[in-house]
Amino acid sequence: MHIDWPHFTPWSALAGGMLIGLAAALLILFNGRIAGISGILGGVLRPRRGDLGWRIAFLAGLVGTPLLWQLWRALPEVRIDAGLPGLVLAGVLVGVGVRYGAGCTSGHGVCGLSRWSPRSLAATGAFMAAGFLTVYLLRHL
């Protein structure tokens with residue numbers, strides 16, 4: 001195993017994790033909602049009366065934050081080692097998993113685990129196991 005020490009950024013990762021936790025805590029504290037991105041986006045696609053504004057603001061923050069970040073620092077280079085068919089298949093599988101698991105990694109992994117939800121623990125374990133298995137199959141076999 002090789003660690004790329006010049007690009008190892010524990011402090012910015014810690015700060016980012018703390019901001020994600022703070023945003024999730026504030027959303028549940030002030031709005032009573034779980035910060036699960038699939039549920040937030042789903043609510044925009046199927047809006048209910050009086051429930052659209054905070055969802056759009058949350059999603060705008062997700063998109064707008066990297067744009068603000070690049071005012072101070074360059075964004076990291078994005079390199080995707082998969083073709084379009086692989087990306088489409090991955091997206092479909094993630095979508096099916098989100099529906100089957102009744103939530104996404106942010107809803108279960110960030111919010112559910114912090115609430116000690118057994119269902120979220122099982123879902124997050126399944127996400128992680130599926131990720132490990134996929135990387136092993138695609139990279140090592």
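Peer 1: It is not clear to me how the environment of Arg-79 should be interpreted in this structure. Could you clarify?
Peer 2: Along the chain, the position of Arg-79 falls in the loop between helix 3 (53-69) and helix 4 (84-100). On the accessibility criterion, Arg-79 (63% relative accessible area) is exposed. Engagement of the side chain of Arg-79 in a polar contact is seen with the side chain of Asp-81, the distance being 3.2 Å.

Peer 1: Can you walk me through the packing of aromatic side chains in this structure?
Peer 2: The final tally for this structure, using the stated rule, is 1 aromatic pair. Summarising the aromatic geometry, the rings of Trp-5 and Phe-8 are spaced 5.3 Å apart at their centres and angled 80 degrees between planes, so their arrangement reads as edge-to-face. Residue classification places Trp-5 among the exposed residues on the basis of a relative accessible area of 55%. Residue Phe-8 is classed as partly exposed on the basis of its relative accessible area, which comes to 48%.

Peer 1: How do you make sense of the side chain of Asp-51 when you look at a structure like this?
Peer 2: On the secondary structure map, Asp-51 appears in the loop between helix 2 (37-45) and helix 3. Engagement of the side chain of Asp-51 in a polar contact is seen with the side chain of Trp-54, the distance being 2.8 Å. Side chain to side chain, Asp-51 and Arg-55 meet in a polar contact 2.8 Å long.

Peer 1: Even after reading the chapter, I still don't get helix 6 (residues 118-140), so can you show me in this structure?
Peer 2: For an α-helix, 3.6 residues make a turn, and residues three or four places apart therefore share a direction. A rise of 1.5 Å per residue sets the reference length of helix 6, with its 23 residues, at 33 Å; its end C-alpha atoms lie 32 Å apart and thus fit the reference within 8%. Among all positions of helix 6, only Ser-120, Ala-123 and Thr-124 are buried. Where the residues of helix 6 are buried, they touch helix 5 (105-114).

Peer 1: I'm lost on the pattern of salt bridges in this one. Help?
Peer 2: For side chains bearing opposite charge, pairing can occur when the charged atoms are close. On inspection of all chains with the given rule, the structure shows 4 salt bridges. Residue Asp-51 pairs with Arg-33 through a salt bridge whose shortest N-O separation is 3.3 Å. Placement of the pair is Asp-51 in the loop between helix 2 and helix 3 and Arg-33 in the loop between helix 1 (10-31) and helix 2, with a sequence separation of 18 residues. Accessibility expressed as a relative area gives 6% for Asp-51, which makes it buried. Asp-51 is the partner of Arg-48 in a salt bridge, and the nearest nitrogen-oxygen pair spans 3.9 Å. Here Arg-48 falls in the exposed class, since its relative accessible area comes to 53%. Connected through shared salt-bridge partners, Arg-33, Arg-48, Asp-51 and Arg-55 make up one network.

Peer 1: Quick question: what am I supposed to make of the nonpolar core here?
Peer 2: Generally speaking, soluble globular proteins have nonpolar side chains that are buried together. Of all hydrophobic cores here, the largest spans 8 residues; its members are Ala-24, Leu-27, Ala-35, Ile-40, Trp-54, Phe-58, Leu-59 and Cys-111. Counting residues per element, the ones that place at least two in this core are helix 1 and helix 3. Looking at which element gives the most residues to this core, the answer is helix 3, with 3 residues. Each residue touching Ile-40, except ones within four places of it in the same chain, is listed here: Leu-27, Ile-34, Ala-35, Trp-54, Arg-55, Phe-58 and Leu-59.

Conventions adopted
- Residues numbered from 1 in each chain as written.
- Predicted model: local features only at pLDDT ≥ 70, side-chain atom pairs only at ≥ 80, totals over all residues.
- Heavy atoms only, no water.
- Helix = DSSP H or I, 4+ residues; strand = E, 2+ residues; numbered from the N terminus.
- Buried < 20%, exposed > 50% of the residue type's maximum accessible area, 1.4 Å probe, protein only.
- Polar contact = N/O pair within 3.5 Å; in protein donor to acceptor, adjacent residues only side chain to side chain.
- Phe/Tyr/Trp six-rings, centres within 6.5 Å; stacked < 30°, edge-to-face > 60°.
- Expected span 1.5 Å × (residues − 1).
- Contact = heavy atoms within 4.5 Å.
- Salt bridge = Lys/Arg side-chain N within 4 Å of Asp/Glu carboxyl O.
- Core = buried A, V, L, I, M, F, W, Y, C linked by side-chain atoms within 4.5 Å.

Functional significance is not addressed by these values, which are geometric in nature.
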